[in-house]
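Given next are the chains, with one letter for each unit.
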Amino acid sequence: MNCQNTECSTVLNIPATMVPYDERIMTFARQGGLVNVKFQTTQSDNFYLAIDRKGRLQEMGWLLYPNFNFFTWQAEGMSFLADLEDQIAQPSDVVINVFNRTRMQGENGAFAGNVKLPWDGQRIAFSKLTLDLQLQCPSTTDRTCAEWDHTVHLFVCCDDSALCGMELGRWISPYRRKMGRWLTDATHLIPLLTNKRCNFTMKHPPWTDPWFPVLNLRFSEPSDWLRAQHGAGGLYPDQIEPIFVGSETFDRTYNTKFPPYLFAVPGGVQRVTIYALITGHGSDNNNCAEFCVTAHNFLINEANLNSRVFTNAGTAQGCAHRVKFGVEPNQHGTWLYGRNGWCPGENILPWVVDITDQIQLDGQENHIRYYGQFNNSDPNPTSNPGNIIISAYMVYWKEHGSAYAPRNFRQLSPGLLS
């Protein structure tokens, strides 16, 4: 149903319903039979409690309709969280607390300055980094949690180089639920930590209700361990280049915003990877870019195509089926539907591509072309185009102990995302 101008403010007092398709009913109606539909109000209990496997009392969230699947999803969510807690209970090498229920709201978001990191004089002294995030609510009940699902960005700045303000992690806040916690492997992004002290900023849209993040940086596999385990063959993420960064309108001009990236691989590099965070938002006439299926492509030297297609977008229970992987169960709103590269109440998992065998490692020039597609072609909506948020980095890996040499590079897009 469409409307124009003031028509859109007119309330239509027309009762409507949807009846599940049934061939017997359709056959009866085609034969001229009279089909009667009866409406009734059925009470549905919607407040339940659960006990997790650690013996703690938990809220069950919102049961959108009477269906036992919501109990199953809650059980899966509690199981995921218990496994995660068991994992982080294991001894860690170094855990750095960045935020501890710091209020995240408004233009400034949550800020932590001058955070001391494990530094060996030249670089981070560990070869593995995990982001451990909880988004907590003002109090201990779901009803105090912020409404709607919003993108949450973590930015880092360690000096005045072009790497200042780059995105270190991304999450989607849940719709009025408090039980979430996520571990995200950010090892590829260790080179963004360019100094022994760094500033961290976590933001979501400034007009929304607050969240209170608890963020720990978990460092493991120290340099001496890497050498002991692998000798000279242990690889370390040595350098990083942001290659495609921005929040761009997903319309017919989208692919013009990302010119090809030209590069020559530094000496001593043994492995090259692309690490990308990509999510789609908004709703045009094709439900893009939140609920439509989009494809994202890295074409290397016009010969090797690497593609990621978000086939979960628009599915009826695509996000509900990801509860076992960390999506918060039984949120409010339309949390069940699959999205374009994300789900409400989940960390954004990176797309990692090893391009070592697709490029020249001998100092010759290489180039990468990125483009996004809808229905196997450039997007071309007729109204209200959505947007794609992308942070794509190229990471150079060297053997442990190789000489460290910071590199100047060309930055194509602004560091901060909209």
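Predicted, not measured: the structure shown is a model, and the values here were computed from it.

Some remarks on the overall build of the protein chain
- Across its full length, the protein chain holds three helices and 19 strands.
- With an accessible surface of roughly 20700 Å², the protein chain has 50% of that area assigned to carbon and sulfur atoms.

Description of the environment of threonine 17
- Among the secondary structure elements, threonine 17 is positioned in the segment before helix 1 (23-30).
- Overall, threonine 17 belongs to the partly exposed group, its relative accessible area being 46%.
- For threonine 17 and phenylalanine 39, which are 22 residues apart along the polypeptide, the C-alpha to C-alpha distance reads 9.6 Å.

Digging into the sheet that holds strand 19 (residues 387-399)
- Here we have four strands laid out as an open sheet, ordered 11-19-13-17, and antiparallel in their pairing. In the strand order of this sheet, the two ends are held by strand 11 (235-249) and strand 17 (351-354), each with one partner. Averaged over all neighbouring strand pairs, the angle between strand axes comes to 20 degrees, with direction disregarded.
- For strand 11 and strand 19, the ladder comprises 13 bridges, and the chain directions are antiparallel. Residue pairing across strands places glutamate 241 opposite methionine 394, the latter belonging to strand 19.

Each value, and the rule that gives it
Residues numbered from 1 in each chain as written. Predicted model: local features only at pLDDT ≥ 70, side-chain atom pairs only at ≥ 80, totals over all residues. Heavy atoms only, no water. Helix = DSSP H or I, 4+ residues; strand = E, 2+ residues; numbered from the N terminus. Areas by Shrake-Rupley, 256 points an atom, 1.4 Å probe, with all protein chains shown as cover. Buried < 20%, exposed > 50% of the residue type's maximum accessible area, 1.4 Å probe, protein only. Pairing = 2+ DSSP bridges. Axes fitted to C-alpha atoms, helices over the stretch in contact; angles between N-to-C directions.

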